[in-house]
Each structure stands twice: as C-alpha cells, then as structure tokens.
Amino acid sequence: MDAFQHRRWIIILTMLIVTLVFGVRLLYIQVLNNDWKNRAEQITHHKVTIHPARGLLYDRNGELLVAVNQVYDILVTPKDVKDIDTAQLCSLFGISKTEFLQKIEYASTGYNVSYKASTFIESMSKEEYSRVVPYLNSFNGFDSKRRTNRGYPSGIAAHVLGYVRKISAEQYSKDQKVGEKYYNQNDYVGITGLEKVYEKELRGERGSAFFLRDYAGNDKTNLEENYAISGQNLYTSIDINLQAYGERLMKNKLGSIVAIEPSTGEILSLISAPSFDPNKLSGREFSENYKELLNNDTLKPIINRPIYNANYRPGSIFKLVQALIAMQEGVIMQSTGFACNKSLINCHNHEHPLNVQIAIKHSCNPYFYQVYKRLIQRGEQSSIFKDSRLGIEKWNAAVKSFGLGVKLNTDIPGVKAGRIPDANYYDNEFPSKSNPYGKYRWAFSTIYSNSIGEGEIGVSPLQMANLAAIIANRGYYYTPHLVKKIGKDGSKRPEYLKKNYTMAAAKYFGPVINAMEMVVENGTARNAQVDSIIVCGKTGTVQNETFNDHSVFIAFAPKENPQIAIAVYVEYGTWGGIWAAKIASLMIEKYLAKELSENGKNKEKQVLDAIILDKHSDFK
Amino acid sequence: MENRTKNIIGKVDVPLLVLFLALVIAGLLTVYSASYSEESPQIYSLDKAYGKQLVWIIISLLIGVLILTLEGSFIRNSAYIVYGVVTIMLLIVLFMPAIKGAHSWFKIGGFTIQPSEFAKFATSLAIAHFLSTTGVKIQETKTKLIVFFLIAVPGFFILQQPDPGTLLVFFSFIFVMYREGLSGNILLGMFFALIIGVMAIFFKASEANVNIFSWVFEANYLYLFVIVLASVLIHFGITYLVMPRYRGKKYITNIIGASMALLLVFSCNYAYDNVFKDRHRDRFEVMFGLKLDRKGVGYNSYQALSAIGSGGSAGKGYFKGTLSNDKYKHVPEQSTDFIFCSWAEEWGFLGSFLLIILYTAFLIRIIMVAERQKSKFTRIFGYCAASILFFHYMINIAMVIGLAPVIGIPLPFFSKGGSAILGFSIMIFIFLRMDSERKDVLR
Ligand SMILES: [Zn+2]
C-alpha cells in the first residue's frame, strides 16, 4: 500500500548510527582516555601551599639571636597593569620612571610571567606599608602579600648565623635534578652559616591543602589538608653577651676570636672581624649591601676568618704540641734540657731551658729545634732521608690527633683543614708543585722551621682554640660546635657527644699547663693576667712578610676546672703578647667574672681605642 | 464523560508514555542537580531554576492530559488555526523587548514564553495536515513549494529574532519528506554536500600543504583534484562494471555532480576567506581539533569535555559534580544547552550511555507507533515529532561531546526552559492522542 514504508528502516538506521558514534565517543572520553580527567582536575583542583614558620635561633641562655619580622611585599601582575597614573605610583614608592619600567620588565621575563604576580617591591616594613596601602587599590595589577623575614635583634654574629635568601635558579634546578625535590621557586633557603647547615631542621615541612575551586577561582570545598610542620628552633652554644663583647673589642681590627667551652666543645663565640650587621642581608637592600660587602671592601668582611683562614702559621704556640708529642713518643722527658744554642736557630736571652716547662715559658727556639730533630730523625734508618720520612709520618699522625691539619666537623659551612705537612707533601708539593724536592731528597734540615710552628704548617683560629680546649681537658676534645639543642626538647648532633682523644697521654699535660700558667704570670703574656683568675696561655707571633706580624694568643681559664678556652688572632697586631693577649683576657674576665676589674677596665679602654686597621687605611 | 477519558487513557501507548516520563523525570533531576545551591535547597522555590522547571512540567502534564480528552478530528481540523496563531505570535514577539539580545520571549510575570518552541509542533501539525490531504503528491513541485512555504514563514520570523539554532531545527522536516516519498537522491546529495563541504573547510582551516616531487601546494587543491578523479573513476566504474541500463544516462548526472562538488568546494573556500569572521574560523579550528583553545572560543567545549570526561565509568554520584553545577559553574550554560555534561559527570559512562540508549529507544518507538497508523496525518505528525527530537538530540549531544561546533540547541526534556518542555509535551501528547484513536478511525 505504501511504497516508501521501507524508508523507516533507513531513518532508524541513521538514528542507531548516530547513537553508536556518540556511544563510542563517550566511551573514549569517559573511560578509555584520561586526558579530560586530568584537564578537569586542572580546572577544579587548587593546591594551596602552607608555609611553615622557620625556626628561630637562640643563644645558650635563651636570648633570641634570630627572630622574625612581619614584612610586606608589593606584587605586580604586568598583564593587569593598565590605566594607572605612573607618575603617582613612582612617587608613592619613591622610584624613578626608569626603575618602574625595569621592574615591570623584570616581572614579565625569566621565570616570571606577565600573567602571574611577581615581586615589585620587597620587604616593606609595617610603617612603610601602612603609608602606601591606602593607595594600592587604585593601581590595577598591584597587590601585596604579607611575609615573614629574618630579623636580628642584637645585630651580631653575622658569620655564625648566616642569612636566608630566595632560592637561586641553580640551587633550585639542582634540588629538582639530584636533590629531594622539596623547594619551590619562591622558597627561601639558608645560604650560609647555621641557616644553611640546619636548613632542614629550620625550614620545617611544608603543608598543603587541596581545594575545589569555582569558575571564578574561589576555593569552595576543602578536599584535604596536610598541616605544615613548623621549623625547629635552634638553641645555639653562642653566648650573646660574650659574642657582642668580642665583636666590640675587635672593632677597627682584623682577625678572629674563638671561644670554646672545653668540657663540651660548645663554641661560646665565633668572631670574625671586620663583621657587619646581619640585618644588612635581610630584606630589600640585600643586593646592594651584599655587593658592597663582597667587592667594595678590601677587608673582605664576608669571609668567616676563624674557620676559613687556615693558612696562618701557628708560631710559638705550636711548641705546646711539639712538647706533648715528644714526651709521648719518648724522645724527651719532662726533665730533658737542651742548650739555647743560637747557632741552630735564633733566640733571645733567657734562663737556661733545663726542662720542658722552662723551654715553653721562654718559648726557646733552639730547644724545640732539637726536640723536633729527635722526632723527625730518630735514627731508625741509616739514611737520614729515609729516617726523616718515617719520622715525619709518625709526627704527622700525632699532630693530627690534636685536630690540626684535619677538617673539624663543626656545624658551619666553609671549615678548612689547614695543613700539617707529611712525607708526600715534601716529595710532591714542596717548595712548589711544579718543582718539588722529590723522594729521599729532603731531611730534617729542610723542614726544621716546623719545629717552632713556622714552615709549612697552616692552622685556623678555630683549631687553635680547640688546641687550648685539648690542653684544658688534658688530652681530648669534643668537636667544636655551635648548636646545643635542635628543638626545645631536642639534643645536639650525636657526633658532638663523642670524645676525641689525642695521642698524648694526660700525664704529659701537667708540665705544659704549668708552663702556660707561667707564661701569663711572668712570661710573654703578662698582658693576659686577670685578677683572681688563673689564666694559662701561650703567645704566638705569625711572621708576615708584607706588613706587621700577626698577634696570636691562646688560653684557657681557670687553671682548675677550665670553663673557657680561647684563641685570638689580631692580624698585623705585631707580637702575640700585646693585643691578642689583652683581648683574650678581657673575654675570659667578662665570661667568668661578668664584671671587669679596674685593670680590666683600663685594658678594655686601650683595646677599644686601638685602631689597628680600619677600612680607610691604605693597606693593600 | 469520565468513562470516555478512562477509555482514552487506557488506549495510550504505554511504552512511549513511559519513555517520555522517564526522560522528563531524568531531566528534572538533572536540572535540580545542575542548579542546586546549598544556600536554598528547597525544591519548590519558584525563584530557582528547578522550581520553575517543576512548575512547567506540571503545567505540561496537565495540558497533556487535557489534549488526551480532545477529539482527534478536532486536533486535525485546528492544525492550520494553531499554525496561524503561533505564526502571528512569532510576528508579535519581534516587537517585545530583547532578552540577551534576542526578541524571542514574551514576559508574563516571573515566567517567559518562547513562541518559537510552539512553532515546532504547530508547523508539524500544518505539514501533517497538508501532506495528508487527499490528492497531494509529494513528487509534485507544487507540493514541495507549499511545504517549503509552511516551514519558511515561521522560519523567517525566527531568523529575525534572531535564533539561528531553532531555525536549524526546521531542516529536520527533510526526514519527514523523505519518508513520505521525496527522492532519496536529494537526501543523499545533501549528505554528500555536507561531507564534501566539511572536508573542504577542514583542508582550508588546517592550511595543510602537500609535498609531491618537491612540488608544494595546498592540500585544498589536491582535494579538488581527488574529487575530479573520483568522478571520472565513478563514471568509468558505472560504465563498465554496473548494470548496463544505467550507462549513458548517468554520464550527464556525473558531470553535473562533479561540477556541483567543485563549485561547493570553491564556495566553501571563498566563504572561509571572505565571509567568515575570525571567530567563525576559530570555531572550526577548535572543532576539527586543530587548536585546543581553552580560553577563547574553545572555552565552552573544553570545559564541557572536561566535565564529561571527569565522570569516568560510573560517575561522581548525584549532586557530587564538581564542574557542571551551580556551585562551581565551570561549564557555562550547565542547566540549558550543556545540561548533558551535568548528567554525564554525575552518572559517568554508564549513565550517559543509558541516556542515549533511552533517547534512541524513545525516537524509535515514535517511529514504530507512527508506522502502525492507518491515518496518514498521524503518521506524518509522528515523523515530524521524531525528526525534530532527533535533530535536537543529534546536534546537542554532538556539540557537547565535541563532534560539532557550538550551536545553541537545547536537549529536549533536559535543558531548562518552560516553553520547550511545554512545546515538546504538547507534541508528544497530540501524537499519543492521535495514536490512541487509530482503531476508531478505521471504524
Ligand atoms: Zn732560647
């Protein structure tokens, strides 16, 4: 009846084909392929990073060394900057039109992109910020963010504390490639000092929260939240008063002070002069200040001298080590005497060194020349060359047990090992690497300057202070360290609880300590006397070809149950008995007696008035 | 009277009614979820989309029941009157204040009425009435012209609103014409024209180059060459392989066909360069997948596909959508044109597949019911309903799942919109009513 009846099937087939196509497409989008699921997540999920508060640093008595300041960053999103009164903006922030353009340019290039906010002005103080904030809304594309910044209430110990900066591009990519992939590009990290060493403990653990956001970017639903773990506070071993006092004493001088508590190895103060206010490296003026500290100042205040300058020769102080080793090795006894034979090596006039104690007291050069000769050429081999090789290896091992010529594992970056020469050194590196003596081409006569702490020995002030601590402890030391406790209920690093014994037995320390007492009492370091406290010390003078000699002094006090071991270096301060000894005694008195005696006060005035070097001097 | 009503309801095609109600209920649930907001969860709040939608559904069902009580002959006889009234409404609405840039709505109280939704069933009634008139033969040019006229008048007014999406739906009547005897070649020709045109635009948009023997030229030109070559091959194929009786005759047709194809390609190219605006070109590039644009013209499509894709196999669960609902609003128009996203996101592939099956079953049931009619009017009207709904379904889903450019056509029974649900319900209930009396007509 109806000739076109069959066409229903074509139409139904068309419908089925369309539905089949839809079905396959839906199967693909919803089940087989994950692209759209990922894109959906990008659209809906918003991850918010929760930054933990960085740990604070305290001194050994709980005084705050590093605090946090509230600061405000002004942010700019270059894409959104339109219809603004540039002139008004520039005058508000006190910048020039050129600077403005530079900042906008900077915010849109490199790893900043124009549709994201980047820093326009960094670290405004609360006062500065409250001045600009009422106007901020009238500038499209500008915004602000509150942040915390490191603050240094006492303005001291810059070298110990280090500083914190936004992670550098290199460090970031290193962390991504071979590191733990922890950091984001805008994170702040410790760059030097304790901030660097204890970075992991101080930074805490970042938290995060996932939100579902709506089309306008508002967070609507909190999916999950991982709380941030605040950084741990560090309880350092630094004594804030002693540190500040030392820095004051070292004004207008070049050098180092290291003070250690012998019974624990805790560093009471670590001073590098010239120093600077650590607040300079926190905040907006970082770049200018850093550049100035690094380049424009010939005295190199950035260098942490007490740990980094390990090429100072120890001078006469080294005789203490020589005496101890020689007694331990049995090449001399406590009562061994040598003539002060000035034809061997120069000396001054003094009483006959008929035992070790007297030799130390007068710092007799010929005496230690002969001691050292016995240590190096022991007569075990017929050839003096072979004999010297054997001798120097034994000597080297013994000296290294005093923490000299080895890198002390102190919790501060940049610690240097210094040098205690060995056979290999004289074979291959002396007098120069290109033209060395070679094996069996040197003997005691080549290296005798080592006997009095000159020659090829290099030590750092930290090692010298540690030596004072070793003598105070009569033969052992704890690796000097700066942090007593990590976290309020925490402890120090386990390696700092381990005693390191020297190769010299405790019984040999008695005469050395007595000699050091005599050095202060009526020897070369009478400047180091402190009323009512028995100070044991030893002066050293580091010869210096270009300018005045360096003045060096190590000491510990009191003699019984020592509380403080100290090394003081005053560069170009002539001989050790003057400035170094005075400064050391003031530090000891301040630490042990708190108040200075009359003598102390006079000494303090002399030290404070002394301008040994300042940055206006024509020293090169 | 009461007896008679019962009698009619007893004769209503139950599968079709059930499928219809299933779609309406699923649609309401989806609108509820898509426009749900935690701040005011009351379902009956008239201020909220779902509240209004519920009211419209109740009105639609009441009017539907009313239609079931009407005499079939009354409906047939009032076809032209309804068509006339709706056409006049379409004219008047042009003088109404514009909403979102279009003069498409009458505003009465808090409700708006969109007469172009009624034009769908009204035009269907008029076409069914005209084609079922004794002596009207579809093969006659006059008949085709009159049908074209019946479509063109409301179509013209709708274009003036402007509402090109709804106008496009009027092309669906071609299926009805086909079923009633329009030469299949016309449909086939249109189909080929569509394929050739889309491919032409694709080659143009892709700006692909072809390199043959180091001679570089636009893929576009190769495409022309392929068309000519295909024509020649088809010609010789027909000449030597297919039934001999077609030879000679097809010679001319083939040349005309090939020329038309070439002309089409040239006009597409011309249109692409000179008529299309950048936004049109972008839309094509996004559709062809040449560009994944998530901010500009591709935004809607990108968001929609993300929502659908995120549903996965089993969906996030009812009310658990995170893209296509009122709280997050990542999918624009999530309760109107893109309502399918909300369904697909919350019910996953299982749900979305079930829905297209349900839809297809519904459409096929209309065709089956239409085919069992002795009355030509009812059959043609049934085909009109099926064609319009199929067109909506095809274009809407294709758009939402990224198979067609974004064209504003709603998904019947799902997309929020009172006039639409009312118009489609009237259409279905008229059809149910006409079907229920098919045996009476014989008697
Ligand atoms: Zn002497």
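Residues numbered from 1 in each chain as written. Chains lettered and ligands numbered in written order. Predicted model: local features only at pLDDT ≥ 70, side-chain atom pairs only at ≥ 80, totals over all residues. Heavy atoms only, no water.

Engineer: What should I look at first to understand the coordination of the zinc ion in this one?
Structural biologist: Six octahedral donors around a metal ideally subtend angles of 90 or 180 degrees, whereas four tetrahedral donors ideally subtend 109.5 degrees. Taken together, the protein donors to the zinc ion comprise Cys340 of chain A (SG), Cys347 of chain A (SG), His350 of chain A (NE2) and Cys364 of chain A (SG), at separations of 2.0 to 2.4 Å. In the primary sequence, the donor residues of the zinc ion line up as C-x6-C-x2-H-x13-C. (Donors = N, O, S within 2.8 Å, 3.2 Å for Na, K, Ca; no water.)

Engineer: Would you explain the pairing of strand β16 (residues 536–542) of chain A in this entry?
Structural biologist: Consecutive residues of a regular strand have side chains that alternate between opposite faces of the sheet. Residues and elements named next belong to chain A. Taken across its seven residues, β16 has six buried, putting it largely inside the fold. Where β16 lies against strand β17 (residues 550–557), seven bridges are found, and the strand directions are antiparallel. Across the sheet, the residue bridging to cysteine 536 is phenylalanine 556, located in β17. (Buried < 20%, exposed > 50% of the residue type's maximum accessible area, 1.4 Å probe, protein only. Helix = DSSP H or I, 4+ residues; strand = E, 2+ residues; numbered from the N terminus. Pairing = 2+ DSSP bridges.)

Engineer: How should I be thinking about the packing of helix α2 (residues 35–44) of chain A against helix α14 (residues 299–310) of chain B in this particular structure?
Structural biologist: Any two packed helices are characterised by how steeply their axes cross, that is the angle between the axes, and by the distance between the axes. Where α2 of chain A contacts α14 of chain B, the two axes come as close as 7 Å, and the packing angle between them is 110°. Between α2 of chain A and α14 of chain B, the interaxial angle falls into the category roughly perpendicular. Handedness of the crossing formed by α2 of chain A with α14 of chain B: left-handed. Where α2 of chain A abuts α14 of chain B, its residues Trp36, Lys37, Arg39, Ala40, Gln42 and Ile43 of chain A lie against Tyr302, Gln303, Leu305, Ser306, Gly309 and Ser310 of chain B. (Axes fitted to C-alpha atoms, helices over the stretch in contact; angles between N-to-C directions. Parallel < 35°, antiparallel > 145°, perpendicular 65-115°, else oblique. Left-handed = near helix turned anticlockwise from the far one by under 90°. Contact = heavy atoms within 4.5 Å.)

Engineer: In this structure, what is going on with the side chain of lysine 120 of chain B? I would like to understand it.
Structural biologist: Assignment of secondary structure puts lysine 120 of chain B in helix α6 (residues 115–131). If sequence neighbours within four positions are ignored, lysine 120 of chain B has contacts with Thr166, Val169, Phe170, Phe173, Ile388, His392 and Phe424 of chain B.

Engineer: I'm lost on the sheet that holds β16 of chain A in this one. Help?
Structural biologist: By way of backbone hydrogen bonds, the strands of a sheet pair with one another, either parallel or antiparallel. Residues and elements named next belong to chain A. Across the sheet, which stays open at both edges, the five strands sit in the order β12-β11-β18-β17-β16 with antiparallel pairing between neighbours. Looking at the sheet topology across the chains shown, the edges are occupied by β12 (266–273) and β16. Strand after strand, the sheet turns through a mean of 5° between neighbouring axes, direction not considered. Along the sheet, helix α10 (residues 240–249) makes contact with β11 (255–261), β12 and β18 (564–570), crossing β12 at roughly 25°. Packed onto the sheet, helix α21 (residues 579–593) meets β11, β12, β17 and β18 and runs at close to 150° relative to β18.

Engineer: Help me understand the environment of serine 138 of chain A in this model?
Structural biologist: Residues and elements named next belong to chain A. Summarising the element assignment, serine 138 is placed in the loop between α5 (126–136) and β5 (142–151). Classification of serine 138 as partly exposed rests on a relative accessible area of 47%. In sequence terms serine 138 and leucine 89 are 49 residues apart; their C-alpha atoms lie 9.6 Å from each other. There is a polar contact of 2.6 Å between the side chain of serine 138 and the backbone oxygen of tyrosine 135. (Polar contact = N/O pair within 3.5 Å; in protein donor to acceptor, adjacent residues only side chain to side chain.)

Engineer: Would you take a moment to explain the nonpolar core for this structure?
Structural biologist: One recurring pattern in soluble globular proteins is that nonpolar side chains are buried together. If you look at the biggest cluster of nonpolar residues, it comprises 117 residues, and the most contacted ones within it are Phe340, Phe362, Phe413 and Phe414 of chain B. At 17 residues, the largest contribution of residues to this core is made by helix α16 (residues 376–400) of chain B. Sequence-distant contacts of phenylalanine 414 of chain B, defined by excluding residues within four places in its chain, comprise Leu23, Ala26, Gly27, Thr30, Val31, Ser335, Ile339, Trp343, Leu355 and Tyr359 of chain B. Counting residues in each nonpolar core, the second largest holds 100 residues, with Leu320, Val356, Met464 and Ile513 of chain A among its members. (Core = buried A, V, L, I, M, F, W, Y, C linked by side-chain atoms within 4.5 Å.)

Engineer: Quick question: what am I supposed to make of the pattern of salt bridges here?
Structural biologist: Opposite charge on two side chains lets them pair, provided their charged atoms get close. All names here are of chain A. Throughout the structure, instances matching the rule amount to 30 salt bridges over all chains. Between glutamate 180 and arginine 203 there is a salt bridge whose closest N-O contact spans 3.0 Å. With glutamate 180 in the loop between α7 (169–177) and β7 (188–190) and arginine 203 in helix α9 (residues 199–203), this pair connects stretches of sequence that are 23 residues apart. Classification of arginine 203 as buried rests on a relative accessible area of 7%. A salt bridge links lysine 605 to aspartate 609, with the shortest nitrogen-to-oxygen separation between them at 2.9 Å. In this pair, lysine 605 and aspartate 609 both sit in helix α22 (residues 598–609), four residues apart, roughly one turn of the helix. Through salt bridges with shared partners, a single ionic network connects Arg60, Glu261, Glu266, Lys484 and Lys492. (Salt bridge = Lys/Arg side-chain N within 4 Å of Asp/Glu carboxyl O.)

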